[in-house]
Amino acid sequence: MFNKKIGLILVLALAAGLGLLAAQKFFGPVTPATQWPATQTVTLFPQARPLPPFSLRQSDGTQLADGELKGHWTLVFLGFTFCPDVCPTTLAELAQAQNQWKDLPDSTRPRVLFVSVDPERDTPTRIGEYAHAFHPDTMAATADVPTLENFAKSLGFVFMKVEGDSFEQNPNDYSMDHSSAIGVLDPQGRLAGLIRPPFQPKAIAADMRALTEASSK
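Here is what the cut-offs are and how they apply
Residues numbered from 1 in each chain as written. Predicted model: local features only at pLDDT ≥ 70, side-chain atom pairs only at ≥ 80, totals over all residues. Heavy atoms only, no water. Helix = DSSP H or I, 4+ residues; strand = E, 2+ residues; numbered from the N terminus. Buried < 20%, exposed > 50% of the residue type's maximum accessible area, 1.4 Å probe, protein only. Contact = heavy atoms within 4.5 Å. Areas by Shrake-Rupley, 256 points an atom, 1.4 Å probe, with all protein chains shown as cover. Phe/Tyr/Trp six-rings, centres within 6.5 Å; stacked < 30°, edge-to-face > 60°. Pairing = 2+ DSSP bridges.

Brief notes about the overall build of the protein chain
Within the protein chain, the regular secondary structure consists of five helices and 10 strands. Across the 217 residues in the protein chain, those meeting the buried criterion constitute 46%. Put simply, of all contacts in the protein chain between residues at least 6 apart along the chain, 72% involve residues at least 24 apart. In the structure as shown, the protein chain presents an accessible area of about 10,700 Å², 56% of it carried by carbon and sulfur atoms.

The following block contains the structure:
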């Protein structure tokens, strides 16, 4: 079981590292991104690229489509509410960053989007309550597995269901391995960069503030 688990983690790590390269080759060149200010923890790509059309279910029951992410810088994190460590830690760190940019105008303030990759257990209501417990402004959404797979792939991310020892007797005995990086979408809704762990809330807040102010000029 130990070897199987290690193997799954290695597969996820390799896929996460190569996903963006493969996606960039598949989609081809795109319009060069604006020359943004230097960043501390956000790794901006030489070129931002549009995301394929998608539709997720938000925690309030409404649909979140690609066009609705325009107008703000958006940080996208994949996870699930039964996550024992990475997800709550990341959302808590993002909440610290959100508190540091709360004085920015609502019309341009950066947004955080938590996307659950565990639709079997994570209902829209559940993910909303979970995300808002960390910060009231955090957006939360999910979808069916094929839609989530396509959305994750467009970000260069992956996720995988990992069954526990008693899964046959208890269908809820499973976890979700998933990419731990954060996707950075620009105000045009394009994938503009990544933030990789370990996360530094102050640096994230400073970067997003600088990017927001630069795009508002």
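Some remarks on the packing of aromatic side chains
Counted according to the given criterion, the structure contains six aromatic pairs. Summarising the aromatic geometry, the rings of F114 and Y130 are spaced 5.7 Å apart at their centres and angled 40° between planes, so their arrangement reads as tilted. Taken together, the positions of F114 in strand β5 (residues 111-116) and Y130 in helix α3 (residues 124-134) put the pair 16 residues apart, joining distant regions of the chain. With a centroid separation of 5.3 Å and an interplanar angle of 70°, the aromatic rings of Y130 and F134 are classed as edge-to-face.

A few points about unusual backbone geometry
Note that the residue after P197, namely P198, is joined by a cis bond; omega there is 0°. The residue P198 is located in the loop between β10 (190-195) and α5 (201-215) in this model.

So, the pairing of strand β8 (residues 174-178)
Here is the key point about a regular strand: its side chains alternate between the two faces of the sheet. Of all five residues in β8, four are buried, a share of seventy percent or more. In the sheet, strand β7 (residues 159-163) pairs with β8 via five bridges, with the strands oriented antiparallel. Bridge pairing in β8 places E163 opposite Y174.

Concerning the side chain of H178
Positionally, H178 belongs in strand β8. Taking relative accessible area as the criterion, H178 reaches 13% and is therefore assigned buried.

Keep in mind these numbers describe shape, not what the thing actually does.
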